[in-house]
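So you can see what is in the structure, the chains are spelled out below.
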Amino acid sequence: MNKLTKKSLSARENSGALRSLSVAGALLFLLGVGLAIMLGPQHWIAALRWAGLLAIAAAGFRGRSLTYWIFFSMLLGGEIGLDRPQVAEHLRVLSDIFLRLIKVIVAPLIFGTLVTGIAGHGNLRSVGRIGIKSLAYFEIVTTLALFIGVGAIDISRAGVGLKMSAEPAATAAANAQPMRAEEFLLHIFPENIAKSVAENQILQVAVFALLFGIALALVTETKREPMLTFCESLTATMFSFTNVVMYFAPIGVGAAIAYTVGHMGIGVLLPLGKLLLTGYAALTAFLLLVLLPIAIVARVPLRRFLQAVAEPATIAFATSTSEAALPRAMEAMEAFGVPRKIVAFVIPAGYSFNLDGSSVYLALASIFVTQAAGMQMSWGQQLVMVFTLMLTSKGIAGVPRSTLVVLMATSSIFHLPAEPIYVILGIDALMDMARTAVNVIGNCLACAVIAQSEGELSSSA
């Protein structure tokens, strides 16, 4: 027992020492940045920043998370871009490799998650009133979340200061004649799913998956089960694939930041703080302007509800993973007074169709990218993007950095440049905590609202 106590104390001391070294390194790096702004570029100031980076790297060699290394690679990439712009120019190939690896995930992942999200709950005709209410609620609330995200970024215009040039494809798209409404409507529906996948037409893949999932839910269970098992296996495999690819994220992000800073200077990073504040303001506005009025109108007991969601929301915030909070959220909602049959349908379905925080983030991030590229989009074009996001974001699981997949899919549909997305990834971990907590709160509230509408929400504490 004494040995275990000593080992525990030693582990805590080591953890504290590493944390202190990491903080000292970050402060040293920031001091170097501040001095460079005041005094201009000098060799001794650059040496100060490199010393800070070495301290951060040394503190990260024992059990640090992928998020830690992405943050470190962003700082390292910015430093390389400042000190060695000629070297940074050749690093773009690494960021392009990462982009390709992300793009190859998108189509099979969206297909698998959408089909399992729709057909995984059995025959649609047997879902009945609860299913219809839930899906209608999900669509209304996530659409409002997307509008709040677009409104917030249009007000703050956080991406305007980035002044990033659009890629040739984006420039060509901006100069092209706008697509007429009937052409866009026709373009949504695939004529050949293999062609849609090959051409990265993600919206067509999503529509096909939506119809396929409905059709699969309508066939007999014996015929549905093999295909559903395949789709569930495909989804699990693609998320495993995503996890493998994300190990390359620090290299891809660092290379992209190095290339971007090497071309445009340190000013490219300054709008990120504005974007972060915009994101938190938008999520707060969504909680106060959408979820709070819904809870009041549905007569959900607010005090008891807040007590019930406090623990799962905290778990989600700390882990940045909605799935980590799912079991506790289901237990909390049953204890809150929601019948098990409603909890068992609404919360799992919500994790595919009701990611409110992710919807807010996707809307503001996609418009941020257009602002950074200098692309002018009318409100009509932004609405088209909003409804595209509403469809392509369905089925995306609540795991860290999964919204990057949807953001990449949207960028390919609207020919947006990739560089601003890499820049956003630098603060994605900070955004991820808040949006994941909002996802959990939104799903728990949906559960309570549906139960209340059925007259089955227990009033007991």
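These numbers were taken from a predicted model, which means no experiment stands behind them.

Asker: Describe a nonpolar patch on the surface, naming the residues involved and giving the relevant values.
Answerer: On the surface, a nonpolar cluster with roughly 520 Å² of combined accessible area is contributed by L185, F189, L210, L211, I214 and L218. Top contributing element to the nonpolar patch by residue count: helix α10 (residues 202–218), with four residues. Inspection of the secondary structure assignment puts L185 in helix α8 (residues 181–188).

Asker: Pulling in residues and values, what's your account of the pattern of salt bridges?
Answerer: Tallying each qualifying case throughout the model produces four salt bridges. Between E79 and R49 there is a salt bridge whose closest N-O contact spans 2.6 Å. Highlighted residues: E79 in helix α3 (residues 66–83) and R49 in helix α2 (residues 43–59), separated in sequence by 30 residues. The partner of K195 in a salt bridge is E191, with the nearest N and O atoms 3.2 Å apart. Using a relative accessible area of 72% as the deciding quantity, one classes E191 as exposed. Each member of the salt-bridge network shares a partner with another, and the members are R49, E79 and D83.

Asker: So what's going on with the packing of aromatic side chains? Which residues, and what values?
Answerer: Evaluated as defined, the whole model comprises six aromatic pairs. Note on F111 and F208: the rings are 6.0 Å apart at their centroids and 25° apart in plane angle, and the pair reads as stacked. Here F208 lies in helix α10 and F111 lies in helix α5 (residues 92–119), a separation of 97 residues in the sequence. Classification of F111 by relative accessible area gives buried; the value is 15%. F208 sits in the partly exposed class, given a relative accessible area of 28%. Over the aromatic face of Y361 sits the side chain of R435, whose NZ or CZ is 4.0 Å from the ring centroid.

About the thresholds
- Residues numbered from 1 in each chain as written.
- Predicted model: local features only at pLDDT ≥ 70, side-chain atom pairs only at ≥ 80, totals over all residues.
- Heavy atoms only, no water.
- Patch = residues over 30% accessible without salt bridge, like charges linked within 9 Å, V, L, I, M, F, W, Y side chains within 5 Å.
- Areas by Shrake-Rupley, 256 points an atom, 1.4 Å probe, with all protein chains shown as cover.
- Salt bridge = Lys/Arg side-chain N within 4 Å of Asp/Glu carboxyl O.
- Helix = DSSP H or I, 4+ residues; strand = E, 2+ residues; numbered from the N terminus.
- Buried < 20%, exposed > 50% of the residue type's maximum accessible area, 1.4 Å probe, protein only.
- Phe/Tyr/Trp six-rings, centres within 6.5 Å; stacked < 30°, edge-to-face > 60°.
- Lys NZ or Arg CZ within 6 Å of the ring centre and 35° of its normal.

Remember that the coordinates give geometry; whether it matters functionally is a separate question.
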